[in-house]
Amino acid sequence: MTPASDSQTHMRRAIALSRLHMEAGEGGPFGAVVVKDGQIIGEGWNRVTSACDPTAHAEVVAIREACSRVRTFSLKGCEIYTSCEPCPMCLAAIYWARLDRIWYANTRADAAAIQFDDDWLYREVALPIGNRSLPTESLLRAEALTVFQAWDAKPDKTRY
């Protein structure tokens, strides 16, 4: 468990990144840091508009930097501090990265109040596929399954 003063220091860094890069016109008001053993190993801020990348959310950018720095795809033993409750995409990335804990400042309701409606996406992904607003269909499953079968039989695969 991170001591309270360290936690506040890390959260203040995430908030500072959100303000600095929002004011610089690089994206929305979101910042994040990944911490391992009390040290920041990855920083990110929203770069959606400046990078023309809808996946360049602060949490994803911080995770990418941290993984690159420690040269692994698992951030087990790390925590993430984010200036806002993660959207569903970022939350999934945090789970995939195996982070131990999420600390957040603003809530998704706070984000919705300034026209970042992540709550809509939370509701949308919970719906059955046929009820979602984005038409989604399966195609060529039998062909794709042969690749999955090859992966399953591959003796030298790296599990993640």
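Coordinates for the structure precede this section.
Residues numbered from 1 in each chain as written. Predicted model: local features only at pLDDT ≥ 70, side-chain atom pairs only at ≥ 80, totals over all residues. Heavy atoms only, no water.

Draft legend 1. Representation of the packing of aromatic side chains in the model. Evaluation of the coordinates by the stated rule reveals three aromatic pairs. Centroid distance phenylalanine 73 to tyrosine 160: 6.1 Å. Interplanar angle 75°. Geometry classified as edge-to-face. With phenylalanine 73 in the loop between α2 (58-70) and β3 (78-84) and tyrosine 160 in the segment after α6 (141-153), this pair connects stretches of sequence that are 87 residues apart. Residue classification places phenylalanine 73 among the partly exposed positions, given a relative accessible area of 48%. Where tyrosine 81 meets tryptophan 103, the ring centres are 5.6 Å apart and the plane angle is 0°; that geometry is what we call stacked. Residue tyrosine 81 is found in strand β3, and its partner tryptophan 103 is found in strand β4 (residues 101-106); the two are separated by 22 residues along the sequence. Over the ring of tryptophan 45 we find arginine 47; its NZ or CZ atom is 4.1 Å from the centre of that ring. In this structure, arginine 108 packs its charged tip against the face of tyrosine 122, placed 4.0 Å from the ring centre. (Phe/Tyr/Trp six-rings, centres within 6.5 Å; stacked < 30°, edge-to-face > 60°. Helix = DSSP H or I, 4+ residues; strand = E, 2+ residues; numbered from the N terminus. Buried < 20%, exposed > 50% of the residue type's maximum accessible area, 1.4 Å probe, protein only. Lys NZ or Arg CZ within 6 Å of the ring centre and 35° of its normal.)

Draft legend 2. Seen up close, the nonpolar core. Val34, Ile41, Ile63, Leu75, Cys78, Ile80 and Leu99 are the most contacted members of the largest nonpolar core, which has 17 residues in total. Looking at this core, the element that brings in the most residues is α2, giving five residues. Apart from residues no more than four positions distant in its own chain, isoleucine 80 is found in contact with Ala32, Val33, Val34, Glu59, Ile63, Ile94, Leu99, Arg101, Ile102 and Trp103. Ranked by size, the runner-up nonpolar core spans seven residues in total, among them Met11, Ala14, Val33 and Val35. (Core = buried A, V, L, I, M, F, W, Y, C linked by side-chain atoms within 4.5 Å. Contact = heavy atoms within 4.5 Å.)

Draft legend 3. Here's a closer look at helix α5 (residues 118-126). Looking only at α5, the buried set comprises Asp118, Tyr122 and Glu124. Along α5, the residues classed as buried sweep out an arc of 165° about the axis, all on the same side. Elements that come into contact with the buried residues of α5 comprise α3 (88-97) and α4 (108-113). (Arc of directions from axis to C-beta.)

Draft legend 4. Looking closely at the environment of alanine 97. On the secondary structure map, alanine 97 appears in helix α3. Between the C-alpha atom of alanine 97 and that of valine 60, which follows or precedes it by 37 residues, the distance is 9.8 Å. Not counting the four nearest positions on each side in its chain, alanine 97 is found in contact with Ile63, Phe73, Ser74, Leu75 and Lys76.

Draft legend 5. Highlighting the pairing of strand β1 (residues 31-36). Among the six residues in β1, five count as buried, and that is most of the element. Relative to strand β2 (residues 39-45), β1 runs antiparallel, the two sharing six bridges. Pairing of lysine 36 across the sheet is with glutamine 39, part of β2. Hairpin connection between β1 and β2: a loop of two residues separates the two successive antiparallel strands, and aspartate 37 in this loop has a positive phi of roughly 50°. Relative to β3, β1 runs antiparallel, the two sharing five bridges. Residue valine 35 lies in a different strand from β3, and its bridge partner there is glutamate 79. (Pairing = 2+ DSSP bridges.)

Draft legend 6. The pattern of salt bridges, seen in detail. Under the criterion given, the structure shown has nine salt bridges. Where glutamate 23 meets arginine 19, a salt bridge forms, and the shortest distance between an N and an O atom there is 3.2 Å. Here glutamate 23 pairs with arginine 19, and both are found in helix α1 (residues 4-23), just four residues apart, close to one helical turn. Here lysine 154 makes a salt bridge to aspartate 156, at a shortest N to O gap of 2.7 Å. (Salt bridge = Lys/Arg side-chain N within 4 Å of Asp/Glu carboxyl O.)

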